Amino acid sequence: MKTKAIVKKSNELFSFLSQKMFLAILGMVAFLLLSFYFYQIQKLINDSYLLSNVQKELLKTQSQNLAFSQQNIENSSLGTIEQEVLALNFVKNDSIKYIPLSNDYLVRAGR
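What counts and how
Residues numbered from 1 in each chain as written. Predicted model: local features only at pLDDT ≥ 70, side-chain atom pairs only at ≥ 80, totals over all residues. Heavy atoms only, no water. Helix = DSSP H or I, 4+ residues; strand = E, 2+ residues; numbered from the N terminus. Buried < 20%, exposed > 50% of the residue type's maximum accessible area, 1.4 Å probe, protein only. Areas by Shrake-Rupley, 256 points an atom, 1.4 Å probe, with all protein chains shown as cover. Phe/Tyr/Trp six-rings, centres within 6.5 Å; stacked < 30°, edge-to-face > 60°. Patch = residues over 30% accessible without salt bridge, like charges linked within 9 Å, V, L, I, M, F, W, Y side chains within 5 Å. Salt bridge = Lys/Arg side-chain N within 4 Å of Asp/Glu carboxyl O.

## Quick look at the overall build of the protein
Part 1 of the reasoning: Assigned secondary structure in the protein consists of 2 helices and 0 strands.
Part 2 of the reasoning: Looking at the protein as a whole, 0% of its 111 residues are labelled buried.
Part 3 of the reasoning: Here the protein displays about 11500 Å² of accessible surface, and carbon together with sulfur accounts for 66% of that area.

## Observations regarding the packing of aromatic side chains
Part 1 of the reasoning: Within the structure shown, the criterion is met by 1 aromatic pair.
Part 2 of the reasoning: Considering the side-chain rings of Tyr 37 and Phe 38, the 5.8 Å spacing of their centres and the 55° angle between planes classify their relative orientation as tilted.
Part 3 of the reasoning: For Tyr 37, a relative accessible area of 46% gives the class partly exposed.

## Focus: unusual backbone geometry
Part 1 of the reasoning: Notably, Asn 89 is not glycine yet its phi reads approximately 60°, a positive angle.
Part 2 of the reasoning: Looking at the element boundaries, Asn 89 is found in the segment after helix H2 (78-87).
Part 3 of the reasoning: Overall, the relative accessible area of 65% leaves Asn 89 in the exposed class.

## Examining H2
Part 1 of the reasoning: Burial of H2 is sparse: only 0 of the 10 residues sit out of reach of the surface.
Part 2 of the reasoning: Immediately beyond the C-terminal end of H2, within one or two residues, lies Asn 89, with a positive phi of roughly 60°.

## Overview of a nonpolar patch on the surface
Part 1 of the reasoning: A contiguous nonpolar patch, built from Leu 34, Tyr 37, Phe 38, Ile 41 and Ile 45 and spanning about 510 Å² of accessible area, is present on the exposed surface.
Part 2 of the reasoning: Mapping Ile 41 onto the fold places it in helix H1 (residues 2-75).

Quick look at the structure:
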């Protein structure tokens, strides 16, 4: 009889401890999942912020590119080039003089 009472008490204790352990494990899993959820939300907000900053920089760069291309079109006009040439005091060369070389200095096809 004593053994039955001891076994009965140990079974009750075991079931009580297993229920407590199950609830503790369940609570820890719920806490870990909730923590992971908040981490993902924080990461999503951070990535969204970085993406918006990159988009702003891209728009700024595109507008600079457009301004530079328009400036390049204006600077490459023939009137502007002519003014720059005149400002640098270039003169037209009407005669071309070549330096005579003998055949000894020329490269032959066989070499």
